[in-house]
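So the chains spell out like this:
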Amino acid sequence: MTGPASLRLAKGPLAGPVLCRVVSMVLARADCPVDRLDDALLACEEITTHGLGYVADGHLSVTLRTDKDQLELRVGELAERGAEGMLAAAVVPGLGNVLERVTDEQRVEPARSGGPEELVLAISF
Amino acid sequence: MMRETTAIGDGGPASTPEAVDIALLLPARAENVAIVRHALGALGEVLEVDAQTLSDIRLAVTEACTNVVVHAYPDGSEGPLEVLATLNGEELTVVVRDEGEGITPRPDSPGLGLGLPLIASLAEKVQLGHDARKRTEVRMTFSLAAMAA
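Residues numbered from 1 in each chain as written. Chains lettered and ligands numbered in written order. Predicted model: local features only at pLDDT ≥ 70, side-chain atom pairs only at ≥ 80, totals over all residues. Heavy atoms only, no water.

Participant: Even after reading the chapter, I still don't get the overall build of chain B, so can you show me in this structure?
Facilitator: When its secondary structure is counted, chain B shows five helices and six strands. Secondary structure elements of chain B occur, N-terminal to C-terminal, as β-β-α-α-α-β-β-α-β-β-α. For chain B, with 149 residues in total, the buried portion stands at 47%. Total accessible area computed for chain B in this model is approximately 7,100 Å², and 54% of it derives from carbon and sulfur atoms. (Helix = DSSP H or I, 4+ residues; strand = E, 2+ residues; numbered from the N terminus. Buried < 20%, exposed > 50% of the residue type's maximum accessible area, 1.4 Å probe, protein only. Areas by Shrake-Rupley, 256 points an atom, 1.4 Å probe, with all protein chains shown as cover.)

Printed below as a string of structure tokens:
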């Protein structure tokens with residue numbers, strides 16, 4: 001794995017665009033196909049749109065790691081049951097859960113930094 | 001426009017705690033400077049920042065990050081490069097921070113020595129110093145309104 005790159009994002013207009021731009025650069029360097037890059041950007045938009053509503057301290061932290069064919073997004077500083085709330089908020093009527101559709105794995109782990117738990121998303125390419 | 005460059009000591013104003021909007025932590029490698037520059041492009045997406053102002057901000061921050069990559073860890077060891085951005089009305093503050101050797105004259109410097117003067121000419125205010133954990137900081141303040149006018 002390469003990285004990590006870590007971001008700490010406050011609620012505001014910069015959060016989504018900054019996360020998307022960093023993920024784009026990291027995946028471009030990893031030779032990610034453009035369709036999976038687009039899926040990753042959809043996931044990032046979901047993370048910044050809904051994630052800040054479930055954080056423990058007002059900030060969302062995202063750690064990125066890439067393997068040769070996988071991106072791992074570790075979304076942290078979530079409040080208790082925040083990961084579950086984030087996943088539930090990603091449901092679009094008639095389409096299903098966007099995060100579950102565009103990522104290959106979603107798991108909840110105890111936090112390695114702040115907050116009770118982290119949501120770990122994996123995107124293979 | 002008045003430009004201000006200040007060198008400050010340990011734990012001085014450069015280490016003032018603040019509500020940071022964006023914090024980006026990366027290994028201090030040359031390829032990661034491009035990530036920082038690209039991330040700063042988001043300012044142009046969400047704020048009314050004219051192209052010249054955005055270009056100046058990106059150039060100044062790129063220069064500060066390049067200084068970290070080239071100078072902070074000269075023995076080949078790898079350390080962190082941290083970039084913090086804070087928006088306060090029409091003022092943007094960007095702090096570039098490392099855990100390296102600090103800003104000292106280097107006779108064997110591989111660069112042209114234009115980094116800090118270039119940053120000082122592009123930013124409204126520049127402060128050099130250390131935070132409470134002795135990390136080296138270059139704090140750049142950009143007045144978005146003044147630069148756009």
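Participant: What is the right way to look at empty space enclosed by the protein in this model?
Facilitator: Left-over empty space is what a probe sized like a water molecule reveals as it rolls over the atoms. Scanning the model with the defined rule gives one cavity of 30 Å³ or more in all. Forming the walls of the largest cavity are 13 residues, and the residues nearest its centre are Val18 of chain A together with Ile22, Ala39, Leu40 and Ala85 of chain B. Contributing elements (two or more residues each) for the lining of the largest cavity: β2 (22-27), α1 (30-40), α2 (42-46) and β3 (80-88) of chain B. Its residues placed into classes, the lining of the largest cavity shows 13 nonpolar, no polar and no charged. (1 Å grid on protein atoms, 1.4 Å probe; cavity = no way out; pocket = protein on both sides within 12 Å on 5 of 7 lines; lining within 4 Å. Points joined across faces, edges and corners; volume = space filled by probe spheres on them. Nonpolar A, V, L, I, M, F, W, Y, C, P; charged D, E, K, R; others polar.)

Participant: It is not clear to me how the environment of Val68 of chain B should be interpreted in this structure. Could you clarify?
Facilitator: Here Val68 of chain B lies in helix α3 (residues 51-72). Between the C-alpha atom of Val68 of chain B and that of Asn88 of chain B, which follows or precedes it by 20 residues, the distance is 26 Å.

Participant: For this particular structure, what's the right way to read helix α1 (residues 15-29) of chain A?
Facilitator: An α-helical turn contains 3.6 residues, so any two residues separated by three or four positions project in the same direction. Here α1 of chain A contains 15 residues, and its C-alpha end-to-end distance of 22 Å stays within 8% of the 21 Å for a straight helix at 1.5 Å per residue. Backbone geometry just after α1 of chain A places Asp31 of chain A at a positive phi near 60 degrees. (Expected span 1.5 Å × (residues − 1).)

Participant: Is there a simple way to think about the nonpolar core in this case?
Facilitator: A general tendency of soluble globular proteins is for nonpolar side chains to be buried together. Counting residues in hydrophobic clusters, the biggest one holds 74 residues, and the most contacted among them are Val23 and Leu64 of chain A together with Val61, Val96 and Met140 of chain B. Sequence-distant contacts of Val61 of chain B, that is, excluding residues within four places in its chain, are made with Val36, Leu40, Val83, Val94, Val96 and Met140 of chain B. (Core = buried A, V, L, I, M, F, W, Y, C linked by side-chain atoms within 4.5 Å. Contact = heavy atoms within 4.5 Å.)

Participant: Looking at this structure, I do not really get the interface of chain B and chain A. What am I missing?
Facilitator: How big an interface is tends to be expressed through the accessible area that disappears when the partners come together. With 20 residues of chain B at the contact, the number on the chain A side is 19 residues. At the boundary of chain B with chain A, total buried surface from both sides reaches about 1,800 Å², with 66% on carbon and sulfur atoms. Remark: the boundary between chain B and chain A carries one salt bridge. Notably, a salt bridge pairs Arg21 of chain A with Glu45 of chain B, separated by 2.7 Å at the nearest N-O pair. For the interface between chain B and chain A, the tally reads seven residue pairs in polar contact (both at pLDDT 80 or more). (Buried area = accessible area lost by both parts, 1.4 Å probe. Salt bridge = Lys/Arg side-chain N within 4 Å of Asp/Glu carboxyl O. Polar contact = N/O pair within 3.5 Å; in protein donor to acceptor, adjacent residues only side chain to side chain.)

Participant: Looking at this structure, how should I read the packing of α1 of chain B against α3 of chain B?
Facilitator: The packing of two helices is summarised by the inter-axis angle and the distance between the axes. Residues and elements named next belong to chain B. Contact pair α1 / α3: the axes reach a minimum separation of 9 Å and the direction vectors enclose 155 degrees. The angle between α1 and α3 places the two elements in the roughly antiparallel class. Viewed along their axes, α1 and α3 form a crossing whose handedness is right-handed. Each of Ala30, Val33, Val36, Arg37, His38 and Leu40 in α1 lies in contact with α3, whose residues at this interface are Leu54, Arg58, Val61, Thr62, Cys65, Thr66 and Val69. Tallied by class, the residues present in the contact of α1 with α3 amount to eight nonpolar, three polar and two charged. (Axes fitted to C-alpha atoms, helices over the stretch in contact; angles between N-to-C directions. Parallel < 35°, antiparallel > 145°, perpendicular 65-115°, else oblique. Left-handed = near helix turned anticlockwise from the far one by under 90°.)

Participant: What am I meant to see in helix α4 (residues 115-122) of chain B here?
Facilitator: Along α4 of chain B, the residues classified as buried are Gly115, Ile119, Ala120 and Leu122 of chain B. Buried residues in α4 of chain B, looked at end-on, bunch into an arc of 165 degrees, giving them a common side. (Arc of directions from axis to C-beta.)

Participant: Any chance you could explain the state of the cysteines here in plain terms?
Facilitator: By definition, a disulfide links two cysteine residues through a covalent bond between their sulfur atoms. Residues and elements named next belong to chain A. Summed over all chains, the structure comprises zero disulfides over all chains. Among the cysteines around Cys32, which has no disulfide bond, Cys44 carries the closest sulfur, lying 11 Å off. You can call Cys32 buried: its relative accessible area is 11%. (Disulfide = S-S within 2.5 Å.)

Read these as spatial facts, not as claims about activity.
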